[in-house]
Each structure stands twice: as structure tokens, then as C-alpha cells.
Amino acid sequence: MDHFLYRDGQLMAEDVAIADIAAQVGTPFYVYSSATLLRHFKLFDDALAGMDHLVCFAMKSLSNQAVLKLLGDAGAGMDVVSGGEYRRARAAGIPGDRIVFSGIGKTREEMHTALTGGIRQFNVESEPEMQALSAVATELGVDAPITVRVNPDVDAKTHAKISTGKKEDKFGIPISRAREVYAMAASLPGIKVIGIDVHIGSQLTDLEPFRLAYRKVAELTEQLRADGHEITRLDLGGGLGIPYARSNEAPPLPSEYGAMVQEEVGHLGCEIEIEPGRLISGNAGMLVTGVIYVKSGEDRKFLILDAAMNDLIRPAMYEAHHDIIPVVEPAPGAEQTEYDIVGPVCESGDTFAKGRMLPTVAADDLIAFRSAGAYGAVMASEYNSRPLIPEVLVHGDQFAVIRARPTFDEMINRDTIPEWL
């Protein structure tokens with residue numbers, strides 16, 4: 001469920017008309033619903049009720065500080081994967097003891113920043129990383145709390161580019177080697193083992209891969225405890241999918257996921273962490289864009305938009321589907337036209353959809369991409385020297401620009417021409 005609905009013929013974000021935002025902000029822009037973000041966070045929080053737990057928002061999906069503060073004030077932790085994300089989370093007011101640091105390439109500088117600024121735990125992904133963390137922590141005279149990310153060799157049955165839990169993927173330590181790696185961790189100064197981490201991929205639409213992975217984690221927990229390790233926390237990752245096409249069968253609900261977590265690991269008495277991103281932010285955001293031209297080709301019509309692949313890369317990178325709707329509600333039985341929906345970037349890959357049926361639209365009309373809150377603005381670039389587009393947050397009948405569109409001068413003046421040119 002989201003809070004983007006037609007009312008009196010106009011697409012609304014909560015109680016704000018999308019067309020009113022467009023008139024003030026200009027297109028294209030991202031718009032997020034506070035009510036949807038909070039509702040989706042609460043679904044996960046409620047799903048784990050009865051277990052000691054923390055829901056850490058995977059901020060790689062959407063990292064605007066206003067969104068982080070909104071979720072943080074509701075009790076969310078944050079899952080970060082870079083020093084920049086860590087700094088964003090802290091700038092948004094998230095306390096260090098609610099920040100989990102994931103990622104396979106943490107630098108010593110990032111480790112230092114997190115250890116001095118406050119951190120809940122590091123999810124360690126390799127022995128060299130563990131040794132580097134030991135050295136940094138020892139130099140600072142502190143203990144670094146860690147989980148070790150294990151790779152359970154479970155096929156998440158998702159897109160190859162977002163699968164992370166098979167043995168050929170770059171993430172984690174093979175679960176078959178976990179006991180020797182934990183023994184190494186126990187021998188290193190400055191390292192405090194607190195638990196196990198696992199994350200098998202993104203956009204999962206079936207609970208069975210989760211179940212298989214968590215079952216392996218439960219077995220490993222018993223083995224590590226028998227080896228003398230204190231395992232008190234299980235970080236179970238994220239990855240639950242959303243329905244990008246409204247006609248598709250819905251993925252499992254957070255409540256069903258929570259029940260499965262209880263079944264597989266509830267008996268261990270561990271604190272549970274999960275790191276949802278897409279399911280919290282995906283349907284909480286839309287990309288709103290204007291039609292520049294309707295172009296007739298030899299055998300098709302092109303809808304040329306002012307948004308492009310640099311604004312929303314998912315269709316070009318992942319062949320991803322987004323439902324696309326007009327901002328003005330079409331009349332019942334309105335004529336439909338088949339379009340290839342494209343942006344203005346000089347790449348054939350700048351194509352959002354081919355052969356998509358839409359109510360007939362014209363130049364200057366507004367259309368919106370649903371389910372664009374996750375991996376939209378965060379993956380945007382300035383390709384073709386196109387400025388990053390605004391982000392807007394709606395709260396009831398109010399809205400605010402939470403990232404402004406830079407001017408061309410601001411973008412261009414970041415370059416520096418050497419004196420010798």
C-alpha cells in the first residue's frame with residue numbers, strides 16, 4: 001500500500017496534488033510519502049514483535065537525511081555501506097549504537113571514523129578486513145563489535161546483479177569456513193565477536209531462500225556456541241521484494257517474513273536485526289516527469305520525457321519494470337496508445353519501457369513512475385551534464401524540497417581548470 005492515489009481527477013501524494021509540486025519545483029523530481037515510509041517501517045517492526053530486535057533501514061536504497069531522520073525518529077536503525085553513508089546517518093541524528101556498518105571494502109579511515117563516532121557493529125566480510133579492523137581498534141584502545149558475514153550458498157532466485165548469497169558471489173565468508181574464521185576473530189586484539197550476519201540478495205519474492213539460509217545460520221549458531229563463542233545477535237539482512245508491476249502476484253508480507261524468522265531462529269534467544277531497504281522506500285516514492293515531445297517513428301510512437309537514465313537507471317541497468325501513470329486521471333474507457341517511453345540522453349539504453357500501453361498523452365503532460373523510491377535518486381548521476389533532480393518529501397498537506405536542483409553554474413563550477421591551461 002502507498003499514499004499516491006487519484007482524487008478529483010488528480011494524482012495526489014497524501015494530501016498534496018502532484019501537479020502543484022510540479023508547478024513550483026519543475027520536472028523531473030522525486031517525491032516521497034512520509035506516511036508510506038513510516039507505515040512500511042512499522043510493518044517490519046510489528047512483524048518482529050515478541051523478539052528482541054532492531055529494524056535497520058538499508059540506506060543505500062534512499063539516503064536523503066530528511067528520510068533518515070523521519071525513520072530514525074520512529075526508532076529505526078541504519079545499515080550503512082560506506083563512510084559517506086555513516087556520516088549522513090550521524091548528520092541526520094541517528095545515534096552510533098543504532099548504526100550497522102556493512103560492505104566488503106571498508107577502509108581503515110572508515111573504520112576509524114565509525115569507532116570514534118560510535119557504532120553498533122561491523123559486519124565483517126573477510127579475514128584481511130578483520131585484521132585491519134583489529135589494528136585500527138587496537139591503536140584506538142577500543143574493542144570493535146563484529147558479526148561475520150557468512151555466505152550460505154543459497155540461490156535467492158533473483159536478478160543476477162542483486163544476488164549476494166551464492167558461493168560465486170563476492171560477499172561474505174563461505175559458511176563451511178566460518179568456524180576457523182571465528183577462531184581467528186577470537187584470537188585478535190580489539191575484536192569482540194557478538195554474532196553472525198547473512199544477506200542473500202535483494203528483491204526476493206519467495207520466503208524459501210530466506211528459510212534455507214536462516215536454517216544454516218541457526219545450525220552455525222549452535223556450533224559456534226559449542227566452540228565457546230558468545231553469539232547473542234543475528235543480523236539476517238534484508239531483501240524482501242516489492243511488486244513493481246501492479247498486476248504481479250504480491251511478494252510475501254513482512255508479517256509472514258517475521259513468522260518465518262521466529263520459526264527458524266526464535267529458539268536461539270538472540271537479538272534479531274534486519275536490514276530492509278526496498279520494501280520500506282520503494283513504493284514510498286515516485287519519479288514525476290514531463291513529456292517533451294511525442295514522436296512518430298515508422299512503426300511506433302516515442303514518448304520523449306524530460307527524465308532520463310541518469311535520473312532513474314534501473315530500467316537501463318536491470319531491465320527493471322516500473323508502472324507508469326498519467327498525473328491527470330484518465331476518464332473511464334479512455335483511448336490507449338502504445339509507446340516506447342524514452343529519455344533525452346544520447347544513448348539507446350535511455351529507454352524506460354517499450355511497447356507500453358498508456359492513456360493517450362501529449363507534450364507538456366505529466367506522468368509518474370511508481371515504485372521509484374528505492375535505488376532511484378541514490379543511483380542518479382550528472383551524465384550528459386544534466387543536474388541532479390530535486391527530492392521532495394510530503395507530510396499530509398505539506399511538502400518540502402529536501403534536495404534542491406543545482407543550477408548549471410553550480411554544477412559546472414565544481415570543475416577546476418589548471419593554471420597551465
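The rules we used
- Residues numbered from 1 in each chain as written.
- Predicted model: local features only at pLDDT ≥ 70, side-chain atom pairs only at ≥ 80, totals over all residues.
- Heavy atoms only, no water.
- Helix = DSSP H or I, 4+ residues; strand = E, 2+ residues; numbered from the N terminus.
- Rg over C-alpha atoms; globule rule 2.2 N^0.38 Å.
- Buried < 20%, exposed > 50% of the residue type's maximum accessible area, 1.4 Å probe, protein only.
- Contact = heavy atoms within 4.5 Å.
- Areas by Shrake-Rupley, 256 points an atom, 1.4 Å probe, with all protein chains shown as cover.
- Lys, Arg positive; Asp, Glu negative; His and termini not counted.
- Charge placed at Lys NZ, Arg CZ, Asp CG, Glu CD.
- Phe/Tyr/Trp six-rings, centres within 6.5 Å; stacked < 30°, edge-to-face > 60°.
- Axes fitted to C-alpha atoms, helices over the stretch in contact; angles between N-to-C directions.
- Parallel < 35°, antiparallel > 145°, perpendicular 65-115°, else oblique.
- Left-handed = near helix turned anticlockwise from the far one by under 90°.
- Nonpolar A, V, L, I, M, F, W, Y, C, P; charged D, E, K, R; others polar.
- Patch = residues over 30% accessible without salt bridge, like charges linked within 9 Å, V, L, I, M, F, W, Y side chains within 5 Å.
- Salt bridge = Lys/Arg side-chain N within 4 Å of Asp/Glu carboxyl O.
- Expected span 1.5 Å × (residues − 1).
- Polar contact = N/O pair within 3.5 Å; in protein donor to acceptor, adjacent residues only side chain to side chain.
- Pairing = 2+ DSSP bridges.
- Right-handed = clockwise from strand over helix to strand, strands pointing away.

K.L.:
What am I meant to see in the overall build of the protein here?
P.N.:
Helix and strand counts for the protein stand at 12 helices and 21 strands. Taking 22 Å as the expected radius of gyration for a compact globule of 421 residues, we find that the protein reaches 23 Å, a close match to that expectation. Dimensions of the protein along its principal axes, counting C-alpha atoms only, are 70 × 60 × 40 Å. When burial is assessed residue by residue, the protein has 55% of its 421 residues classed as buried. Sequence separation of 24 or more characterises 69% of the internal contacts of the protein that already satisfy a separation of 6 or more. By element, 50% of the accessible surface of the protein is carried by carbon and sulfur atoms, the whole surface being about 18200 Å². Looking at the protein, you have 39 positive and 60 negative side-chain charges, and the mean spots of the two groups are 2 Å apart.

K.L.:
Explain the packing of aromatic side chains to me, please; I cannot follow it from the model alone.
P.N.:
The geometry of two aromatic rings is summed up by the distance between their centres and the angle between their planes. Counted under the stated rule, the structure contains seven aromatic pairs. Here tyrosine 30 and tyrosine 32 contribute two aromatic rings whose centre-to-centre distance is 6.4 Å and whose plane-to-plane angle is 15 degrees, an arrangement assigned as stacked. Each member of the pair, tyrosine 30 as well as tyrosine 32, carries the same accessibility label: buried. Taken together, a centroid distance of 5.9 Å and an interplanar angle of 35 degrees make the contact between phenylalanine 210 and tyrosine 214 tilted. In this pair, phenylalanine 210 and tyrosine 214 both sit in helix H8 (residues 208-226), four residues apart, roughly one turn of the helix.

K.L.:
Would you mind going over unusual backbone geometry with me for this structure?
P.N.:
Comment: phi is negative for the bulk of residues other than glycine, and the bulk of peptide bonds are trans. The peptide bond linking threonine 27 to proline 28 adopts the cis configuration, its omega dihedral lying at -5 degrees. The topology assignment puts proline 28 in the loop between helix H1 (18-25) and strand E4 (29-33). Residue aspartate 8 is not a glycine yet carries a positive backbone phi of 55 degrees. Looking at the element boundaries, aspartate 8 is found in the loop between strand E1 (4-7) and strand E2 (10-13). At glutamate 319, a residue that is not glycine, the phi angle is positive and equals roughly 55 degrees. By secondary structure assignment, the location of glutamate 319 is in the loop between helix H11 (314-318) and strand E16 (324-326). Since its relative accessible area comes to 61%, glutamate 319 is described here as exposed.

K.L.:
For this particular structure, what's the right way to read the packing of helix H2 (residues 34-47) against helix H9 (residues 254-265)?
P.N.:
Packed helix pairs are characterised by how far apart their axes lie and by the angle those axes make with each other. Axis separation between H2 and H9 bottoms out at 8 Å; the angle between their running directions is 25 degrees. Regarding the angle of H2 to H9, the classification is roughly parallel. With respect to the hand of their crossing, H2 and H9 are arranged in right-handed fashion. Seen from H2, the contacting residues are Leu43, Phe44 and Ala47; seen from H9, they are Pro254, Ser255, Tyr257 and Gly258. Considered class by class, the residues forming the contact of H2 with H9 number five nonpolar, two polar and no charged.

K.L.:
What exactly am I supposed to notice about a nonpolar patch on the surface here?
P.N.:
Taken together, Ile417, Trp420 and Leu421 make up a surface patch of nonpolar side chains, about 470 Å² in accessible area. Its place among the elements puts isoleucine 417 in the segment after helix H12 (408-412).

K.L.:
Is there a simple way to think about helix H6 (residues 127-140) in this case?
P.N.:
Given 3.6 residues to a turn, an α-helix orients residues that are three or four positions apart in the same direction. If you check H6, its first and last C-alpha atoms are 20 Å apart, about what 14 residues at 1.5 Å a residue would give, namely 20 Å. As for H6, its buried residues are in contact with helix H5 (108-117), strand E8 (121-124), strand E9 (144-151), helix H7 (178-187) and strand E11 (191-197). At the N-terminal end of H6, a side-chain oxygen is found 3.2 Å from the backbone nitrogen of glutamate 129, two or three residues along, and the residue is serine 126. Trailing H6 by a residue or two, glycine 141 shows a phi angle of about 75 degrees, which is positive.

K.L.:
Honestly, the environment of leucine 234 in this entry has me stumped. Any pointers?
P.N.:
Along the chain, leucine 234 falls in strand E12 (residues 233-235). Classification of leucine 234 as buried rests on a relative accessible area of 0%. Sequence separation between leucine 234 and isoleucine 175 is 59 residues; the distance between their C-alpha atoms is 15 Å.

K.L.:
Explanation requested: the pairing of E8 in the structure shown.
P.N.:
Here is the key point about a regular strand: its side chains alternate between the two faces of the sheet. Neither face of E8 is exposed, since Gln121 and Asn123 on one face and Phe122 and Val124 on the opposite face are all buried. In this sheet, E8 lies alongside strand E7 (residues 99-101) in parallel orientation, the contact comprising two bridges. Within E8, the residue paired with valine 100 across the bridge is glutamine 121. Sheet topology note: the E8/E9 ladder contains three bridges and is parallel. Bridge assignment links asparagine 123 to a residue of E9, and that residue is threonine 147. A crossover links E8 with its parallel partner E9, the connecting element being H6, and its sense is right-handed.

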